Amino acid sequence: MTYSGAVKVGGPADVHELSDLMISKVAVGGMNNNAYLLRCRATDEQLLIDAAAEPETLLSLIGDGGIASVVTTHQHGDHWGALQAVVAATGARTYAGAHDAEGIPVPTDVLVADGDTITVGRVTLTARHLVGHTPGSIALVYDDPHGHPHVFTGDCLFPGGVGNTHGDAEAFGQLLDDVEHKLFAVLPDETWVYPGHGDDTTLGAERPHLAEWRERGW
């Protein structure tokens, strides 16, 4: 089946099959949050990005094999609503951005800084610290050696713009600067973008609109 990234709350997960990594995307909760389960195909080790809501849905997706770790992209409550239950059920190690961890009520085992790496089996993800939506948001970049990169952006980049900065011009400028310098400037157009809500996109689809976003201010 061809992966589309179009999922809805109550519906099935969509699975993106890569050579070394399986990415399962599911929508959960009242704010239509995306959670992503990554499984290393060589080792079967699993990592969850954003235990957002509906722990029973996430634990069903995880299955009997459990998970080694959970990464929370940022401190907003709709992204960690199921974290306590998932950690209690799986014993997973928790990761979050160093500047957001205090805002997450589940203890963070590993504080993540820009450029840090997180592994799932034999697969390596690189964290990019993006400031503006929150002080410590992180995106995770998987540079697939067999294809194009993949980036999990939390609420920092969506189809059509960057994340909400609530009318704060300075925060918006910082977020757009970080997204431009740390994602668009170093990753190719083919890079697949997995956001914290809604449909996926690519950097190539969004790149022509960067100046337009800056001009409109959101």
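Small disclaimer: the values here were computed from a predicted structure and weren't measured. (Residues numbered from 1 in each chain as written. Predicted model: local features only at pLDDT ≥ 70, side-chain atom pairs only at ≥ 80, totals over all residues. Heavy atoms only, no water.)

Draft legend 1. Summary view of the side chain of Lys182. With respect to the secondary-structure elements, Lys182 resides in helix H3 (residues 169-184). Taking relative accessible area as the criterion, Lys182 reaches 19% and is therefore assigned buried. A polar atom in the side chain of Lys182 sits 2.8 Å from the backbone oxygen of His129. Ignoring sequence-local partners within four residues, the contact set of Lys182 consists of Asp114, Arg128, His129 and Leu130. (Helix = DSSP H or I, 4+ residues; strand = E, 2+ residues; numbered from the N terminus. Buried < 20%, exposed > 50% of the residue type's maximum accessible area, 1.4 Å probe, protein only. Polar contact = N/O pair within 3.5 Å; in protein donor to acceptor, adjacent residues only side chain to side chain. Contact = heavy atoms within 4.5 Å.)

Draft legend 2. Layout of helix H2 (residues 83-90). Listed as buried for H2 are Leu83, Val86 and Val87. Take H2 and look down its axis: the buried residues cluster within an arc of 95°, on one side only. Exposed positions of H2 whose direction lies more than 90 degrees from the buried face are Ala88 and Ala89. For H2, the secondary structure elements touched by its buried residues are strand E4 (46-49), helix H1 (55-62), strand E5 (69-72) and strand E6 (93-97). Backbone geometry just downstream of H2 places Gly91 in the positive-phi region, at approximately 70°. (Arc of directions from axis to C-beta.)

Draft legend 3. Up close: the side chain of Thr94. Mapped onto the secondary structure, Thr94 falls in strand E6. Here Pro107 takes part through its backbone oxygen, which lies 2.8 Å from a polar atom of the side chain of Thr94. Sequence-distant contacts of Thr94, that is, excluding residues within four places in its chain, are made with Val70, Leu83, Val87, Pro107, Thr108, Asp109 and Val110.

Draft legend 4. Summary view of the packing of aromatic side chains. Taken as a whole, this structure holds six aromatic pairs when the rule is applied. Arranged with centres 6.3 Å apart and planes meeting at 45°, the rings of Tyr3 and Tyr194 form a pair that is tilted. Of this pair, Tyr3 sits in the segment before strand E1 (14-17) while Tyr194 sits in strand E14 (residues 192-195), and the two are 191 residues apart along the sequence. Here the two residues Tyr3 and Tyr194 agree in accessibility, since each one is buried. Judged by centre distance (5.3 Å) and plane angle (65°), the ring pair of Tyr36 and Phe152 falls under edge-to-face. Of this pair, Tyr36 sits in strand E3 (residues 33-40) while Phe152 sits in strand E11 (residues 149-154); the two residues are 116 residues apart in sequence, bridging distant segments of the chain. (Phe/Tyr/Trp six-rings, centres within 6.5 Å; stacked < 30°, edge-to-face > 60°.)

Draft legend 5. Here's a closer look at H3. Those residues of H3 that sit buried are Ala171, Phe172, Gly173, Leu175, Leu176, Asp178, Val179, Lys182, Leu183 and Phe184. Here H3 starts with a cap whose side-chain oxygen sits 3.0 Å from the backbone nitrogen of Glu170, and that cap is Asp168.

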